[in-house]
Amino acid sequence: APDGRARFALEYAGKGADPQPFARAEVGARLAQMRALIDSAEPQQTPCCKSFAVRGRLVTPQGELAGQLTWIALGGHVYRLSAVARSMELEKYSGRASRMVRSLRAPTPEERASVTVDRLRLARAIGGETIAEFSQRNQNVYEVHQTAIANDLEVSARLSKGQLLKIGVREPYRPVLDS
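Here's what I pulled together on the structure shown here.

Cut-offs and rules
Residues numbered from 1 in each chain as written. Predicted model: local features only at pLDDT ≥ 70, side-chain atom pairs only at ≥ 80, totals over all residues. Heavy atoms only, no water. Helix = DSSP H or I, 4+ residues; strand = E, 2+ residues; numbered from the N terminus. Rg over C-alpha atoms; globule rule 2.2 N^0.38 Å. Buried < 20%, exposed > 50% of the residue type's maximum accessible area, 1.4 Å probe, protein only. Contact = heavy atoms within 4.5 Å. Areas by Shrake-Rupley, 256 points an atom, 1.4 Å probe, with all protein chains shown as cover. Disulfide = S-S within 2.5 Å. Core = buried A, V, L, I, M, F, W, Y, C linked by side-chain atoms within 4.5 Å. Phe/Tyr/Trp six-rings, centres within 6.5 Å; stacked < 30°, edge-to-face > 60°.

### Quick look at the overall build of the protein
Line of reasoning, step 1. What the protein contains, in helices and strands, is five helices and seven strands.
Line of reasoning, step 2. When the elements of the protein are put in sequence order from the N terminus, they spell out β-α-β-β-β-β-α-α-β-α-α-β.
Line of reasoning, step 3. In summary, the protein has a C-alpha radius of gyration of 24 Å against a globular reference of 16 Å for 179 residues, an excess of more than 25%.
Line of reasoning, step 4. Once the C-alpha set of the protein is aligned to its principal axes, its extents read approximately 70 × 40 × 30 Å.
Line of reasoning, step 5. When the 179 residues of the protein are sorted by exposure, 30% land in the buried category.
Line of reasoning, step 6. Within the protein, counting contacts between residues at least 6 apart in sequence, those at least 24 apart form 55% of the total.
Line of reasoning, step 7. For the protein, the computed accessible surface area is about 11,600 Å², with 53% contributed by carbon and sulfur atoms.

Dropping the structure here:
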């Protein structure tokens with residue numbers, strides 16, 4: 001939360017199709033070590049996929065914290081969504097935690113196609129052009145100052161013919177496939 005009274009996070013837990021072993025392993029190890037008090041640990045119904053939720057409390061020197069950890073299996077991977085707040089303020093944030101869990105789903109083909117990334121590429125300069133001219137010609141998404149810094153040049157530099165420079169190119173996202 002912007003005021004720092006709650007923490008919400010989405011984290012990668014690992015490869016798998018069943019969230020329960022991930023939850024059980026963490027509850028058995030990390031949460032037990034922290035002496036967390038578990039209120040409930042059970043499968044949870046979500047619109048898209050298998051999930052397992054653990055709700056509990058933890059006493060710290062700063063006071064009691066309460067929260068929910070939910071493991072969700074999606075697309076052969078398991079993710080952990082966590083929501084933590086001071087016990088007395090948990091009700092204020094519990095609706096957000098539930099909405100966060102229900103919102104996780106695979107993107108539609110249209111959503112997936114709309115995702116872009118900026119990739120570092122190399123391009124050759126034409127003799128005498130400025131970084132601004134070079135950037136425009138190569139559709140560089142980095143600002144002139146960023147390009148100058150990335151290439152250890154002054155912003156006002158004139159480029160040599162064939163000089164290789166690093167630029168940013170916006171491309172559709174493509175997942176890296178395991179080899």
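### Regarding the environment of Pro 175
Line of reasoning, step 1. Topologically, Pro 175 is positioned in the segment after strand E7 (164–172).
Line of reasoning, step 2. Given a relative accessible area of 47%, Pro 175 falls into the partly exposed group.
Line of reasoning, step 3. For the pair Pro 175 and Gly 75, spaced 100 residues apart in sequence, the C-alpha separation works out to 13 Å.

### Focus on the state of the cysteines
Line of reasoning, step 1. Applying the stated criterion across every chain yields a total of one disulfide.
Line of reasoning, step 2. A sulfur-sulfur separation of 2.1 Å characterises the disulfide bridge that pairs Cys 48 with Cys 49.

### Some thoughts on the nonpolar core
Line of reasoning, step 1. The biggest cluster of nonpolar side chains holds eight residues, and these are Ala 123, Ala 125, Ile 131, Phe 134, Ala 148, Leu 159, Leu 165 and Ile 167.
Line of reasoning, step 2. Of all elements in the fold, only helix H4 (131–137) and E7 reach the threshold of two or more residues within this core.
Line of reasoning, step 3. Every residue in contact with Ala 125, bar those within four places of it in the chain, is listed here: Phe 134, Arg 137, Leu 159, Ser 160, Lys 161, Gly 162, Gln 163 and Leu 165.

### A look at the packing of aromatic side chains
Line of reasoning, step 1. One pass over the full model with this rule turns up one aromatic pair.
Line of reasoning, step 2. Ring geometry for Tyr 12 against Tyr 79: centres 5.7 Å apart, planes inclined by 70°, an arrangement best described as edge-to-face. Of this pair, Tyr 12 sits in strand E1 (residues 6–15) while Tyr 79 sits in strand E5 (residues 77–86), placing them 67 residues apart in sequence.
Line of reasoning, step 3. With a relative accessible area of 47%, Tyr 12 lands in the partly exposed category.
Line of reasoning, step 4. On the basis of relative accessible area, Tyr 79 is assigned to the partly exposed category, the value being 22%.

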